[in-house]
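# Understanding the architecture of this molecule
Chain by chain, the residues:
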Amino acid sequence: MKKYDFIVIGSGIAGLTFAIKAAEMGSVAVITKEKMFESNTRYAQGGIASVIDKEDKTYLHFEDTLKAGAGLCHKNAVKLTAQKGPEMIKLLSEWGVDFDKTKSGSLELGREGGHSKSRIVHVHDYTGKAIQEALVNKVRENSNIHIFENCMGLDLITDHHLPEKTISGSITCYGVYVLDKNNEITTFLSKITLLATGGMGKIYLHTTNPAIATGDGVAMAYRAGAAVGNLEFMQFHPTAFYDSSGIRFLVSEAIRGFGAILRNNKGEAFMKKYSPELKELSPRDIVARAIDSEMKKEGKPNVFLDITHKNPNLVKEKFPLIYNTCLSYGINITKELIPVVPAAHYQCGGVIADLNAATNINNLFASGEAAMSGVNGANRLASNSLLEGMVFSLTSLKLIKDKKILNSAKIETSIPDWDDSGTFDEKEWIYISHDKREIHQIMWDYVGIVRKDLRLERACNRLNLINKEIEEFYKKTKITKALIELRNISLLSVLITQSARFRKESRGLHYIIEYPEKNEEWLVDTIKINNRFIKRPINDDGFTSILRK
Ligand SMILES: Cc1cc2nc3c(=O)[nH]c(=O)nc-3n(C[C@H](O)[C@H](O)[C@H](O)COP(=O)(O)OP(=O)(O)OC[C@H]3O[C@@H](n4cnc5c(N)ncnc54)[C@H](O)[C@@H]3O)c2cc1C
């Protein structure tokens, strides 16, 4: 049994910024599934959106975000995020991130789809790696932060685990059960727990996300009684590098901002047919659907991005990561077209969290991609997520400090160890890999970019069955990382599919053939808690109290 003031689950931007600041108030444990360096954060290419230029204004960033979010953004959350941009960039610079500068020494600003101004602060095309490195270094040098690598949060510890189960309304989180690489389970107790476990792209066949992105935090929180929401809004990045061997990596939209053109297999530039004004600079959902439609029309597995008309030296200078990675797969992007396919990229939904990242479970906070803060609405604006993760991790700490939550919360020591009696060693790996493949394919075919009632119904039936089988298997089998991940992606695939069936309209990232238009009646968040759906009006400030009931 280990005890800390704060437990942080996840070592991406949301987890590490929280850890650095929380360490000023108490002891912190950072629990992370693989090495500290591994996260979605480290793969971010484009950069961080922030109002820096004199010509740019906070309200423009605010409005661009609302426009992308298609009516479902929570205005207060967006306002806070846009306002805090410059402060977060300053903090990251102080912590050692060397953002690109112009010759005059000011921050160099990129432009991305959906942004009305150039406001993307970046480090070449490997911004995430630069941020991750700086944060990991900062955490490592802090003696108040204890790092647990290759340790996986398995389930949150709540009142349900108390020997005397006295659950009277609200639930409290006391920490997390953690599986280490030797398959030993340790009880980690804390006063405050932050879920910062990132996204869930690994539910789908094609994804830009790394292997860690199995949505563990959201699944754990839902099982513990947290409200989760808007899971139907999965963002598909329009352009992941396509290779028949299954290799996928992100080809950032910064390259489209720089002038790259999308071409089909006949070489035609097709975006003007779908979005005559913004063409390649349209929001991601429009570009992804256009590509999906061209691929289906042509019966081909990919389309192409063309940057060959640009100065080769400039291309190499601006996009060293993309240039070198494509080259390693035999494509010189200054001379050849880049094969691309849409891929699951970012989950707009997640654990419902308020402006202070608080969830409906006491002492449990959620931030970053695992959370639904209200910033993204029905579609995320590019380069808002690194910023969002940082902003809400830091506002949560302000609340904890102002309300002296650390003084009132206590470490609950009557929690029993994990009980795995009755489980047996199972060497039948085939179950896990088969179930995983099946889930990936069902989600891609039936719950992907363009949805249909009948497909969703089929997916629900099949996924429910798989989920039930996995739950049975889980109860009887010795727990491993692979099995926990399978259990999590299985639960989340059911929740995503149910949410997609629940919303009877098309909005933002959720496009369903039977309801192709937006519908005012659906200007709501779809929240799922304890097996039931609640429609929550946008900007309902009382939402926490509704959910805490
Ligand atoms: C290829 C790519 C490019 C992107 N480009 C941009 C961009 O340019 N700008 C932008 O703003 N956003 C971008 N995004 C999105 C952005 O990177 C993520 O949304 C953001 O980094 C999420 O940060 P996070 O801290 O919430 O989670 P992550 O950075 O994903 O970190 C999650 C952490 O949790 C750990 N973890 C997960 N499950 C468990 C568990 N059960 N137990 C313990 N630890 C666990 C993981 O190992 C990881 O350390 C990009 C995403 C990808 C994939």
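Each remark here, short or long, concerns the structure printed above.
These remarks concern the structure in this document. (Residues numbered from 1 in each chain as written. Predicted model: local features only at pLDDT ≥ 70, side-chain atom pairs only at ≥ 80, totals over all residues. Heavy atoms only, no water.)

### Here we look at the site of the ligand
Test applied: For this purpose, a residue is taken to be near a molecule or strand whenever a single non-hydrogen atom of the residue falls within 4 Å of it. Pairing of N or O atoms within 3.5 Å defines a polar contact, subject to two protein rules: one partner must be a possible hydrogen donor and the other a possible acceptor, and residues neighboring in sequence count only if both atoms are side-chain atoms. Here, Shrake-Rupley sampling with a 1.4 Å probe gives the accessible areas, and only protein chains in the shown set may cover a residue. Helix numbering and strand numbering both begin at the N terminus, where a helix is a DSSP run of H or I of at least 4 residues and a strand a DSSP run of E of at least 2. When residues are sorted by character, Ala, Val, Leu, Ile, Met, Phe, Trp, Tyr, Cys and Pro go into the nonpolar class, Asp, Glu, Lys and Arg into the charged class, and all the rest, Gly among them, into the polar class.
Neighbouring the ligand are 39 residues, the closest being Glu38, Thr41, Gly47, Gly153 and Glu369. Take Asn40: an N or O atom from its side chain is 2.9 Å from an oxygen atom of the ligand. Within the backbone of Gly46, an N or O atom sits 2.9 Å from an oxygen atom of the ligand. Starting from 1000 Å² of accessible surface for the ligand in isolation, the protein chains cover 99%. Contributions of two or more residues to the shell around the ligand are made by helix H1 (13-22), strand E7 (152-158), helix H5 (216-224), strand E14 (338-347) and helix H11 (385-402). By residue class, the composition of the shell around the ligand is 14 nonpolar, 20 polar and five charged.

### Re unusual backbone geometry
Going by this rule: The classification of residues rests on relative accessible area computed with a 1.4 Å probe and restricted to protein chains. Under 20% of the type maximum is buried, over 50% is exposed, and intermediate values are partly exposed.
One non-glycine residue, Lys279, adopts positive backbone phi at about 40°. If you trace the backbone, Lys279 turns up in the loop between helix H7 (271-274) and helix H8 (284-298). You can call Lys279 partly exposed: its relative accessible area is 37%. Of note in this structure, Asn531 is not a glycine but carries a positive phi near 70°.

### Digging into the pattern of salt bridges
The condition that has to hold: Any Lys or Arg side-chain nitrogen located within 4 Å of an Asp or Glu carboxyl oxygen qualifies as a salt bridge.
What the rule picks out here adds up to 35 salt bridges. The closest approach of N and O atoms between Lys481 and Glu34, which form a salt bridge, is 3.5 Å. With Lys481 in helix H15 (residues 481-502) and Glu34 in the loop between strand E2 (28-31) and strand E3 (48-49), this residue pair connects regions lying 447 residues apart in the sequence. Take Lys481: its relative accessible area is 30%, and that puts it in the partly exposed class. Glu34 sits in the partly exposed class, given a relative accessible area of 24%. As a salt-bridge pair, Glu253 and Arg256 come within 3.7 Å of each other at their nearest N and O atoms. For Glu253, a relative accessible area of 5% corresponds to the buried category. Overall, Arg256 belongs to the buried group, its relative accessible area being 3%. Through salt bridges with shared partners, a single network forms among Lys33, Glu34, Asp216, Lys481 and Glu485.

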